[in-house]
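An overview of the molecular structure
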Amino acid sequence: NFPLPTETAIVLSLVDARGILLTTLAEGWFQSGEHGVEFDASAIPSGSYMIHLHTERESLSRPVQFIR
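My aim in this report is to walk through the structure given alongside it, one point at a time. Values in this document were obtained by computation on a predicted structure and should not be read as measured data. Along each chain, the written sequence defines residue order, and numbers are assigned to residues from 1. Per-residue local features are limited, in this predicted model, to residues with pLDDT of at least 70; the limit for side-chain atom pairs, both in listing and counting, is 80 or more; totals at the level of whole chains, interfaces and linings are taken over all residues. The basis for the side-chain values is all heavy atoms of the structure; hydrogens and waters are excluded.

Some details on the sheet that holds strand β5 (residues 47-55)
As a reminder, the rule being used: Here, a strand pair is defined by DSSP locating no fewer than two bridges between the strands. Each helix corresponds to a stretch of at least 4 residues labelled H or I by DSSP, and each strand to a stretch of at least 2 residues labelled E; elements are numbered beginning at the N terminus. Angles shown run from 0 to 180 degrees and are taken between the N-to-C directions of axes, each axis being a line fitted to C-alpha atoms and, for helices, limited to the stretch in contact.
Within the open sheet, the four strands sit side by side as β3-β2-β5-β6. Their pairing is antiparallel. The open sheet has two edge strands, β3 (21-30) and β6 (59-66), and neither has a second partner. Direction aside, the axes of adjacent strands within the sheet are offset by 15 degrees on average. One ladder, built from eight bridges, connects strand β2 (residues 8-15) with β3; its direction is antiparallel. Across the sheet, A9 pairs through a bridge with W29, a residue of β3.

What about the pairing of β6?
Relative to β6, β5 runs antiparallel, the two sharing eight bridges. Each bridged residue has a counterpart across the sheet, and for H52 the counterpart in β6 is S61. Where β5 hands over to β6, the hairpin turn is made up of three residues, counted between the paired strands.

Remarks on the nonpolar core
Inclusion rule: Only buried residues count toward a nonpolar core. Its members are Ala, Val, Leu, Ile, Met, Phe, Trp, Tyr and Cys residues joined through side-chain atoms within 4.5 Å. Burial status follows relative accessibility: with a 1.4 Å probe on protein chains alone, a residue under 20% of its type maximum counts as buried, one over 50% as exposed, and anything between as partly exposed. Residue contacts follow a heavy-atom distance rule, with two residues in contact if any of their heavy atoms lie within 4.5 Å.
In this structure, F2, I10, L12, L14, F30, I44 and F66 are the most contacted members of the largest nonpolar core, which totals 13 residues. Taken together, the elements giving at least two residues each to this core come down to β1 (2-4), β2, β3 and β5. Ignoring sequence-local partners within four residues, the contact set of F30 consists of F2, L4, T6, E7, T8, I10 and H35.

Points about the pattern of salt bridges
A side chain with one charge can pair with a side chain of the opposite charge if their charged atoms come near. Just so we agree on the cut-off: Whenever a carboxyl oxygen of Asp or Glu lies within 4 Å of a side-chain nitrogen of Lys or Arg, that contact is scored as a salt bridge.
Throughout the structure, instances matching the rule amount to one salt bridge. In this structure, the salt-bridge partner of D16 is R18, at a minimum N-O distance of 2.9 Å. Taking relative accessible area as the criterion, D16 reaches 10% and is therefore assigned buried.

Describing the pairing of β5
Of the strand pairs in this sheet, β2 and β5 are connected by six bridges, and their pairing is antiparallel. Considered in β5, the bridge of I10 is made with T55.

Looking at the packing of aromatic side chains
So the rule is basically this: Aromatic contacts are taken between Phe, Tyr and Trp rings whose centres are within 6.5 Å, Trp giving its six-membered ring; a plane angle under 30 degrees counts as stacked, one over 60 as edge-to-face, and the others as tilted.
Taken as a whole and assessed by the stated rule, the structure comprises three aromatic pairs. Ring centres of F39 and F66 lie 6.3 Å apart, and the angle between their planes is 85 degrees; on these two criteria the pair is classed as edge-to-face. Of this pair, F39 sits in the loop between β4 (33-35) and β5 while F66 sits in strand β6, placing them 27 residues apart in sequence. Taken together, the ring pairs in this structure connect F39, Y49 and F66 into an aromatic cluster.

Next up, the structure:
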């Protein structure tokens, strides 16, 4: 889940520990408010990853772990 204070274009992506893009989870224009994105992580091996949220004004990153 991620909140947006204003309408903006976003790119939400999942990268591995080396910074290599694995998949783009969401892309496009989003209204202000709270948003959630679901994706199938069954093909992602166990390990540590980062989710990056890029908007027109800022970039945020959060760690995520997949454990099988």
